[in-house]
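Analysis of the macromolecular model
Each chain is listed here by its residues.
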Amino acid sequence: MRRGRQWSRELFTEGYIAVVPEDHPLRGRTGVTAAELANEPFVFPVCCDTRTRFEALAERCGYRPDVKMETDNTDYLLGLVAVGTGITVLPGLFKGQAERLGLHAVPIAEESLRRTIVLAARTAGTGSRLYRSLDGDRPRETGVRAAVPGI
């Protein structure tokens, strides 16, 4: 086992989105706060840090999300949203996938609900080569920031 520091480089930071079905009242909004989601039914992945992070944020807002169903498959999860089982919370990278399925991605306007993706390698040489190979293809910012006044 190698000891010592690893090489790392931040790739991008993104927010999270609430994914809602076509006929949902939040459809078309440019942003939503976690508090505004208090009365929504949710579907979530079984084991996911997004769920854990959102539940902690919801608790700080004074509620516990009403989880109607759990699944271990993101495609199935988005299908559950499409048929109205509930809404879900996902990282911004899922926006395109959700929209291709006719769903709406509403940015969650909470600075505490953001994630940073980092490339890590055992050596600077390996890390630098990997980073250069990704540089032209990686997103700079997913653009998932809500325009909610006061946030």
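Residues numbered from 1 in each chain as written. Predicted model: local features only at pLDDT ≥ 70, side-chain atom pairs only at ≥ 80, totals over all residues. Heavy atoms only, no water.

With that out of the way, let us pick up the confidence of the model for the chain. Where the model shows low pLDDT, its predicted coordinates should not be examined in detail. On average, residues of the chain score 87 in pLDDT, and 86% of them reach the 70 mark or higher. Within the chain, helix H4 (residues 124-134) has the poorest average pLDDT of any element, 88, and strand E5 (residues 104-107) the best, 96. (pLDDT = per-residue confidence, 0-100. Helix = DSSP H or I, 4+ residues; strand = E, 2+ residues; numbered from the N terminus.)

Attention now moves to the pattern of salt bridges. Considering all chains together, one arrives at seven salt bridges under this definition. Across the pair Glu14 and Arg115 runs a salt bridge, and its minimum N-O distance is 2.5 Å. Of this pair, Glu14 sits in strand E1 (residues 7-20) while Arg115 sits in strand E6 (residues 114-121), and the two are 101 residues apart along the sequence. Judged by relative accessible area, which is 22%, Arg115 ranks as partly exposed. (Salt bridge = Lys/Arg side-chain N within 4 Å of Asp/Glu carboxyl O. Buried < 20%, exposed > 50% of the residue type's maximum accessible area, 1.4 Å probe, protein only.)

For the rest of this paragraph, the subject is helix H2 (residues 74-82). Among the residues of H2, those classed as buried are Leu77, Leu78, Leu80 and Val81. Down the axis of H2, the buried side of the element spans an arc of 150°, and every buried residue falls inside it. Along its buried surface, H2 packs onto E1, strand E2 (41-45), strand E3 (66-71), strand E4 (88-91) and helix H3 (95-100). N-cap assignment for H2: the residue whose side-chain oxygen lies 2.8 Å from the backbone N of Asp75 is Asn73. In the stretch just after H2, Gly84 is the one whose phi turns positive, near 90°. (Arc of directions from axis to C-beta. Contact = heavy atoms within 4.5 Å. Polar contact = N/O pair within 3.5 Å; in protein donor to acceptor, adjacent residues only side chain to side chain.)

Now for the packing of aromatic side chains. In this description, a pair of aromatic rings is defined by centroid distance and the angle of the planes. Summed over all chains, the structure comprises three aromatic pairs. With 5.4 Å between their ring centres and 45° between their planes, Phe42 and Phe54 make a pair best called tilted. Placement of Phe42 in strand E2 and of Phe54 in helix H1 (residues 49-60) is noted, with a sequence separation of twelve residues between them. For the pair shown, Phe42 and Phe54 are each scored as buried. With a centroid separation of 6.3 Å and 45° between ring planes, the pair formed by Phe44 and Phe54 is classed as tilted. Here Phe44 is found in strand E2, whereas its partner Phe54 is found in helix H1, with ten residues between them in sequence. Of the two residues, Phe44 and Phe54, both sit in the buried class. Counting every residue linked through ring pairs, the aromatic cluster contains Phe42, Phe44 and Phe54. Above the face of the Tyr131 ring, Arg9 is positioned so that its terminal group lies 4.5 Å from the ring centre. (Phe/Tyr/Trp six-rings, centres within 6.5 Å; stacked < 30°, edge-to-face > 60°. Lys NZ or Arg CZ within 6 Å of the ring centre and 35° of its normal.)

This next bit is on the pairing of E3. The pairing of E2 with E3 spans five bridges and is classified as parallel. Bridge assignment links Phe44 to a residue of E3, and that residue is Glu70. Each parallel crossover has a hand, and for E2 linked through H1 to E3 it is right-handed. (Pairing = 2+ DSSP bridges. Right-handed = clockwise from strand over helix to strand, strands pointing away.)

Counting 18 residues, the largest nonpolar core has Val32, Leu37, Phe42, Phe54, Val89 and Ile108 as its most contacted members. Where this core is concerned, the elements lending two or more residues are E1, E2 and H1. In terms of nonpolar packing, the next biggest core, distinct from the first, is built from eleven residues, Leu78, Val81, Leu103 and Ala105 among them. (Core = buried A, V, L, I, M, F, W, Y, C linked by side-chain atoms within 4.5 Å.)

On to the environment of Val106. Along the chain, Val106 falls in strand E5. Along the sequence, Val106 and Val32 sit 74 residues apart, while their C-alpha atoms lie 6.8 Å from each other. With sequence-adjacent residues up to four places away left out, Val106 is seen in contact with Tyr16, Ile17, Ala18, Val20, Leu26, Arg29, Gly31 and Val32.

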